[in-house]
Protein chains: 2
Amino acid sequence: MEAVKVPRGLAGVSVADTRISKSSADGSLVYRGYPIADLAANASFEETAYLVLNGKLPTRGELDSFASGIARRSSLDRRVFDIMGALGGGAHPIDAIRTGVSALGSIDAEQSIQDKEASIESKMPVLAANCLRVPKGEPPRLPGKTGGFADRLLQMLTPREASEFDRWVFERVLIFYMEHDMNASSFTVRVVASTLADPYAAASAGLASLKGPLHGGANEAAMEMLLRAKDPENAGPFVEATFREGRKLMGFGHRVYKQFDPRARLCKEYLGEMTKKRGDDRIYRLCDAIEREMWEKKKIPPNLDYYAAPIFYLLGIEVPLYTPIFAASRVFGWMAHYNEQVEENKLIRPDSTYVGHAGRSYVPIEKR
Amino acid sequence: MEAVKVPRGLAGVSVADTRISKSSADGSLVYRGYPIADLAANASFEETAYLVLNGKLPTRGELDSFASGIARRSSLDRRVFDIMGALGGGAHPIDAIRTGVSALGSIDAEQSIQDKEASIESKMPVLAANCLRVPKGEPPRLPGKTGGFADRLLQMLTPREASEFDRWVFERVLIFYMEHDMNASSFTVRVVASTLADPYAAASAGLASLKGPLHGGANEAAMEMLLRAKDPENAGPFVEATFREGRKLMGFGHRVYKQFDPRARLCKEYLGEMTKKRGDDRIYRLCDAIEREMWEKKKIPPNLDYYAAPIFYLLGIEVPLYTPIFAASRVFGWMAHYNEQVEENKLIRPDSTYVGHAGRSYVPIEKR
């Protein structure tokens with residue numbers, strides 16, 4: 001039986017039916033049928049997470065039980081911090097989180113698949129917030145007792161006190177990072193889930209794929225670029241120099257969105273509001289100016305990472321924590337994909353086309 | 001643009017051109033063009049590993065440098081043992097190895113991709129041999145200074161002294177486990193590699209997929225079944241009872257090999273020889289009798305796991321270490337796939353078909 005050949009990288013190849021989310025070239029994104037702008041305007045992080053996981057918005061009782069379950073499971077076994085600490089101060093943040101989640105696979109005492117998932121979802125923000133500090137030997141920041149998922153995460157990420165509006169914006173950005181149909185890490189999660197491995201194994205593999213610069217790290221790279229560009233007045237020369245040197249502008253372009261990324265548009269609005277309230281709109285004007293240059297020259301729109309980065313920056317979050325924040329939110333999408341894969345499972349086991357040598361015979365080493 | 005639909009689980013879908021290995025329905029398996037029986041008859045583990053990684057048999061100089069590089073890198077940082085120890089005695093062996101490899105991603109000081117790969121390949125047998133002991137708090141067994149890869153691994157796995165023939169057989173089994181074209185874990189490794197994540201990330205994801213019972217654990221399950229069946233004379237009733245109760249016989253069937261698995265055939269010969277030398281051929285006769293019953297009733301041949309398991313058993317290796325042994329050998333195949341993926345990389349990022357709700361609007365929680 002001849003294997004069916006498909007485009008490299010499985011580009012445009014549908015590997016699964018999904019009910020979780022859908023992004024479209026026209027700039028639309030829905031989670032479980034709800035437009036992202038509708039959720040951003042109205043829903044909390046927990047409501048959205050419940051929706052992504054369960055396919056429907058929760059009743060009050062369901063929401064309370066879901067939110068308190070997440071809060072309750074967020075305390076991390078001391079051994080996990082010890083393990084992260086053993087990695088040493090040079091540890092890459094994603095390595096530290098992946099090692100922590102991998103260790104939880106044996107340290108956690110959860111029994112059911114659902115409880116294991118809830119445990120990972122609850123502990124991921126604690127791992128994310130501590131993935132820089134704890135390997136350096138600094139004491140962990142533990143989750144507070146009050147506030148929702150987003151507030152508790154933000155409090156661990158930075159000691160800076162955030163305004164109500166800033167906290168609202170941070171929660172929106174987390175909602176945007178939660179899910180995005182068949183991206184590289186969600187596919188990795190599904191491949192591992194298809195062996196019927198447990199959720200810790202699947203989540204640790206998702207984190208492994210986030211380690212790669214073609215999937216993770218984009219929001220950090222965007223911020224580093226903005227910091228290099230510095231000044232709104234410098235946008236034109238900066239973009240020109242970048243192209244002249246054959247380098248790429250970070251935070252632009254998307255496999256799906258060719259006109260605009262709906263999440264980036266909303267984040268841009270929020271960023272404008274945040275800078276207005278601060279009485280200093282330089283970073284907003286810088287972002288806007290580079291965006292205009294890029295559109296004029298290449299017709300490529302900014303993506304979520306481009307406008308999430310300066311928001312995190314204004315919130316006072318260290319740049320190497322930006323991708324860990326992504327992971328703390330995306331894990332809900334990963335678990336939704338895990339469940340969908342396992343529900344009607346078939347092992348994901350593709351074929352390959354052998355194009356190598358044939359008919360070779362062993363030659364003794366003296367005669368090679 | 002409509003996504004191309006392909007069979008579920010990507011069955012029969014060629015996702016890559018490969019020069020590494022090829023298994024065929026007629027019972028043939030080649031590594032880099034060399035038939036598996038030719039390699040089993042003539043090559044050492046290191047020669048075969050060099051071949052799988054580099055596409056050619058090594059000269060004496062290349063082999064010496066490769067083998068000594070592996071031996072030299074096999075010492076494990078104390079912190080990795082500490083991390084495995086922190087998991088506690090109930091840790092699943094594959095969790096322990098995965099956590100160790102994940103931690104190495106930050107603990108190892110190797111710089112080049114090639115050195116990182118060599119480090120993982122060298123340390124995997126140490127992790128495999130200690131994945132049960134160290135979490136229980138027992139002292140690690142360290143690699144010896146003499147002997148090749150297979151001998152050093154076997155010495156760590158069991159204190160029992162092995163005959164020259166037994167050691168030769170163990171090395172053959174490792175050669176058989178090294179590589180098998182696009183299996184579930186090698187595909188996982190390629191998916192992660194395609195994000196340009198480092199080899200530690202990719203190997204830890206490969207281990208994550210080995211945690212799943214649809215990919216890992218088969219040789220352990222086969223041995224447990226043989227121990228339950230016990231007696232050659234019991235083979236007929238045992239097989240009948242298994243079918244009557246709607247359970248599966250472990251160690252049978254293969255996605256590719258429908259007539260016979262060439263590796264199982266060779267292992268069966270070795271097992272016959274081992275039992276003859278021991279003057280007790282009961283386990284050989286048991287395996288043979290169940291194989292015959294299964295072929296008569298279902299026309300399904302045994303696979304490698306079925307005959308590797310009793311070989312490991314006669315060598316005195318604890319059953320939960322059988323899948324770790326697989327990992328210690330397969331990691332060479334994983335790294336070959338990592339290299340092949342990265343050499344002509346394209347991010348593996350498939351599409352999905354959205355079949356969920358459309359056009360939903362947020363409803364306030366009081367009205368749900």
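Right above here is the structure, for reference.
About the cut-offs
- Residues numbered from 1 in each chain as written.
- Chains lettered and ligands numbered in written order.
- Predicted model: local features only at pLDDT ≥ 70, side-chain atom pairs only at ≥ 80, totals over all residues.
- Heavy atoms only, no water.
- Helix = DSSP H or I, 4+ residues; strand = E, 2+ residues; numbered from the N terminus.
- Rg over C-alpha atoms; globule rule 2.2 N^0.38 Å.
- Buried < 20%, exposed > 50% of the residue type's maximum accessible area, 1.4 Å probe, protein only.
- Contact = heavy atoms within 4.5 Å.
- Areas by Shrake-Rupley, 256 points an atom, 1.4 Å probe, with all protein chains shown as cover.
- Buried area = accessible area lost by both parts, 1.4 Å probe.
- Salt bridge = Lys/Arg side-chain N within 4 Å of Asp/Glu carboxyl O.
- Least-squares fit on C-alpha atoms with pLDDT ≥ 70 in both.
- Pairing = 2+ DSSP bridges.

Along the backbone of chain A there are 16 helices and six strands. Radius of gyration (C-alpha) of chain A: 22 Å, near the 21 Å computed for a compact globule of 368 residues. Projected onto its principal axes, the C-alpha positions of chain A cover 75 × 55 × 45 Å. By the burial criterion, 63% of the 368 residues in chain A qualify as buried. Of the contacts made within chain A by residues no fewer than 6 positions apart, 75% connect residues no fewer than 24 positions apart. Taken as a whole, chain A presents about 14,000 Å² of accessible surface, with 50% of it coming from carbon and sulfur.

This part covers the interface of chain A and chain B. Taken together, the contacts link 99 residues of chain A with 99 residues of chain B. Buried area between chain A and chain B, both sides added, is near 8,600 Å², and the carbon and sulfur share of it is 57%. Together, R349, R360 and Y362 of chain A form the three largest contributors to the area buried by chain A at its contact with chain B, with a combined 10%. Between chain A and chain B we count ten salt bridges in total.

This next bit is on the relation of the copies chain A and chain B. Its rotation angle being 180°, the transformation that places chain A on chain B also includes 0.0 Å of axial translation and leaves an RMSD of 0.0 Å. The superposition operator between the copies reduces to a two-fold rotation axis. Taking C-alpha positions as reference, the residue of chain A nearest the rotation axis is A205 of chain A, located at 2.3 Å. Looking at the interface residues of chain A, 100% of them are also at the interface in chain B, so both copies use one shared face.

To continue, consider the pairing of strand β3 (residues 21-24) of chain A. All names here are of chain A. Where β3 meets strand β4 (residues 28-31), four bridges bridge the pair, whose relative direction is antiparallel. Of the residues in β4, the one forming a bridge with K22 is V30. Between β3 and β4, which pair antiparallel one after the other, the connecting turn spans three residues, and G27 there sits at a positive phi close to 90°.

Read these as spatial facts, not as claims about activity.
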